[in-house]
Amino acid sequence: MKTKGNTAPQNRIIIYIGGFELPDRTPSAVRVIGNALLLKELNYKVIIIGRLPRSERSENPKRSTNINGFDCYDWEFQGRFDTLKSVVREVGENNCYAVIAYNFRAIDLLRVINYTRNMNIIPVADCTEWYGWGGRSVFHSMYNYIDTEFRMRFLAKKTKNIICSSSFLRNYYSNINNIVWPFSIDSKLDHWQPLSNIQKHTPILFVYSGSPGSGKDKINLSIVAFYYLKKNGYDFVYKIIGITKEQYTSVFPEHSYMIEFLDGSVDFIGRVSHSRSLEFLKYADFMIFIRPNNRVSNAGFPTKVVEAITLGIPIITNNVGDAGMYIKNKYNGLLFEDIDSNIEESLEESLNMSQDDIFKMKESARKLNPFSIQNMKGVVGKFMNELT
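On a predicted model such as this, the values are computed, not experimentally measured, just so you know. (Residues numbered from 1 in each chain as written. Predicted model: local features only at pLDDT ≥ 70, side-chain atom pairs only at ≥ 80, totals over all residues. Heavy atoms only, no water.)

**Structural notes on the sheet that holds strand S1 (residues 13-21)**
Strand order across the open sheet formed by eight strands is S3-S4-S2-S1-S5-S6-S7-S8, with mixed pairing between neighbours. Lying at the two open borders of the sheet, with one neighbouring strand each, are strand S3 (64-67) and strand S8 (177-180). Strand-to-strand twist across the sheet, computed as the mean angle between neighbouring axes with direction ignored, equals 25 degrees. In this sheet, S8 lies alongside strand S7 (residues 161-164) in parallel orientation, the contact comprising four bridges. Residue pairing for S8: isoleucine 162 is matched across the bridge by asparagine 178. Here helix H5 (residues 138-159) sits on the sheet and contacts strand S6 (122-127) and S7; the angle it forms with S6, its principal contact strand, is near 140 degrees. (Pairing = 2+ DSSP bridges. Helix = DSSP H or I, 4+ residues; strand = E, 2+ residues; numbered from the N terminus. Axes fitted to C-alpha atoms, helices over the stretch in contact; angles between N-to-C directions. Contact = heavy atoms within 4.5 Å.)

**Describing the pairing of strand S13 (residues 315-318)**
Covered by surrounding structure in S13 are Ile315 and Thr317 together with Ile316 and Asn318, the residues of both alternating faces. As paired strands, S13 and strand S14 (residues 333-336) are joined by four bridges and run parallel to one another. Along S14, the bridge assignment pairs threonine 317 with leucine 335. (Buried < 20%, exposed > 50% of the residue type's maximum accessible area, 1.4 Å probe, protein only.)

**Examining a negative patch on the surface**
Where like charges cluster on the molecular surface, the negative patch consists of Glu337, Asp338, Asp340 and Glu345. Tracing the backbone shows glutamate 345 in helix H14 (residues 342-351). (Patch = residues over 30% accessible without salt bridge, like charges linked within 9 Å, V, L, I, M, F, W, Y side chains within 5 Å. Areas by Shrake-Rupley, 256 points an atom, 1.4 Å probe, with all protein chains shown as cover. Salt bridge = Lys/Arg side-chain N within 4 Å of Asp/Glu carboxyl O. Lys, Arg positive; Asp, Glu negative; His and termini not counted. Charge placed at Lys NZ, Arg CZ, Asp CG, Glu CD.)

**A closer look at the packing of helix H1 (residues 27-41) against helix H16 (residues 373-385)**
The contact between H1 and H16 brings their axes to 10 Å, and the two run at 75 degrees. With respect to H16, the element H1 is oriented roughly perpendicular. Together, Leu37, Leu38, Leu39 and Glu41 of H1 and Ile373, Gln374, Met376, Lys377, Val380 and Met384 of H16 make up the contact between the two elements. (Parallel < 35°, antiparallel > 145°, perpendicular 65-115°, else oblique.)

**What about the environment of isoleucine 290?**
Turning to its location among the elements, isoleucine 290 is positioned in the loop between strand S12 (286-289) and helix H11 (295-299). Taking the C-alpha atoms as reference, isoleucine 290 lies 8.1 Å from serine 222; in sequence the two are 68 residues apart.

**Quick look at the packing of aromatic side chains**
Within the structure shown, the criterion is met by 20 aromatic pairs. On the basis of an interplanar angle of 70 degrees and a centroid distance of 5.1 Å, the ring pair of tryptophan 130 and tyrosine 172 is categorised as edge-to-face. One end of the pair, tryptophan 130, is in the loop between S6 and H5; the other, tyrosine 172, is in helix H6 (residues 167-172), with 42 residues separating them in the sequence. The exposure class of tryptophan 130 is buried, given its relative accessible area of 2%. In this structure an aromatic cluster arises from ring pairing among Phe206, Phe226, Phe236, Tyr238 and Phe286. Above the plane of the ring of phenylalanine 70 lies lysine 40, whose end atom (NZ or CZ) is 5.8 Å from the centre. (Phe/Tyr/Trp six-rings, centres within 6.5 Å; stacked < 30°, edge-to-face > 60°. Lys NZ or Arg CZ within 6 Å of the ring centre and 35° of its normal.)

**Looking at the environment of asparagine 294**
Tracing the chain through its elements places asparagine 294 in the loop between S12 and H11. Overall, asparagine 294 belongs to the partly exposed group, its relative accessible area being 32%. The spatial distance from the C-alpha of asparagine 294 to the C-alpha of lysine 216 is 9.7 Å, given a sequence separation of 78 residues. Among the polar contacts listed, one links the side chain of asparagine 294 to the backbone nitrogen of valine 296, at a separation of 3.3 Å. (Polar contact = N/O pair within 3.5 Å; in protein donor to acceptor, adjacent residues only side chain to side chain.)

**Some words on the sheet that holds strand S9 (residues 204-209)**
Backbone-to-backbone hydrogen bonds join strands into a sheet, with any given pair of strands oriented parallel or antiparallel. A sheet is described by the order of its strands in space; here six strands give the open sequence S11-S10-S9-S12-S13-S14, paired in parallel fashion. Edge positions in the sheet fall to strand S11 (266-270) and S14, since each of these pairs with one other strand and no more. Going from strand to strand, the sheet's axes swing by 20 degrees on average, the running direction of each strand aside. For strand S10 (residues 236-241) and S11, the ladder comprises four bridges, and the chain directions are parallel.

**Section: the confidence of the model for the protein chain**
Per-residue confidence for the protein chain gives a mean pLDDT of 91, with 94% of residues at or over 70. Taken together, the stretch residues 3-11 has pLDDT below 50 and engages in 16 contacts with residues farther than four places along the chain or on a different chain. (pLDDT = per-residue confidence, 0-100.)

**What about the pattern of salt bridges?**
Side-chain pairing between opposite charges can occur once the charged atoms of the two side chains come close. Enumeration over the complete set of coordinates arrives at 15 salt bridges. Here aspartate 82 makes a salt bridge to lysine 85, at a shortest N to O gap of 3.7 Å. Of the two residues, aspartate 82 and lysine 85 both sit in helix H3 (residues 80-91), three residues apart, roughly one turn of that helix. With a relative accessible area of 37%, aspartate 82 lands in the partly exposed category. Look at lysine 85 and you get partly exposed, because its relative accessible area is 26%. Of the charged contacts in the structure, one is a salt bridge between aspartate 285 and lysine 362, with a shortest N-O distance of 3.0 Å.

**Some points on the side chain of histidine 255**
Checked against the element boundaries, histidine 255 lands in the loop between helix H8 (245-251) and helix H9 (256-261). Separated by 2.7 Å, the side chains of histidine 255 and tyrosine 248 make a polar contact. Beyond its immediate chain neighbours, meaning those up to four positions away, histidine 255 contacts Asn220, Ile223, Val224 and Tyr248.

**Regarding the nonpolar core**
In this structure, Phe206, Ile223, Phe226, Phe236, Tyr238, Ile240 and Leu347 are the most contacted members of the largest nonpolar core, which totals 34 residues. Here this core gets seven residues from one element, more than from any other, and that element is helix H7 (residues 219-231). Among all residues touching tyrosine 238, those that are not within four sequence positions of it are Phe206, Val207, Tyr208, Ile219, Ser222, Ile223, Phe226, Ser265, Val266, Asp267 and Ile288. In terms of nonpolar packing, the next biggest core, distinct from the first, is built from 33 residues, Leu22, Leu38, Val124 and Phe383 among them. (Core = buried A, V, L, I, M, F, W, Y, C linked by side-chain atoms within 4.5 Å.)

And the structure:
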């Protein structure tokens, strides 16, 4: 019987399973690959079950592949739960130390808990979000709400081991073996390398990269702020990755005249690959990120903040969730409180900064990456040794 305090032998296997779109088509997939690389550093063998690209599904009868040195299986091949059982049978239940279930729906998480406990495998809940009411219809919204509340308030606790993306969740699960593990970055990989020379731009280059259509990111507030700043004579370039101009104006048609006025200053790039979005970010002077202060923002941790910190790019953002733990105002970014009024002030402050001031802020941003594997190994190793 595996009990708290036992150290897992080096040949123990961890299965990481969830609906993330491998290899890097969603932020969750990037995060899971990073976490798997850290676990590998701790001498665990990690097997990943997620959504493989369609090309892999059609050309591979076993629905499996290798990504970054990890055996990966398509969780829709036999049905997510049956795929898990098939992988356990293949590697041997006695070799499986733990199953990490990423943001599973309630019924699926319950099945994982019951199955793993019966097989003497340790279940771990990886919780990175806590959404409220919302969906395509009233029925869908009600289903999502009940499912999420039951999973977060009851079932996750039944695993007795929880990976939290934020201190908000850690505090909620304070009586359970838990860890704040928002992300892991192998900074030796090429795509995580900052540019060898710190860039200087005239005019100042701002970048947003994400999925504003999800409703979490308030990109509209930055558009309004830049509109008034340009009217006041400021010059800048703002590249928006992840949405087209047509998509933006379809959501905010009342901003059409602003977008027309900002032509030449704001550039909507649309959706690009993850590696391409990192290339845009590497050349930025500042990354912009705005979220409302609510449970969704406090429970999660944004991938784009991790990316900017890793690449040494200062961040302009509001103090929501754990942002203040990693971003120090006027040191490695600009941190403001009120998203309705302070965003324009912070952007104006950045536009008034000298090239030398921006250079120093970029130097500060490069000094320490709290998400690197080396910085995370100790606390993650302790958590894994205390699984129960």
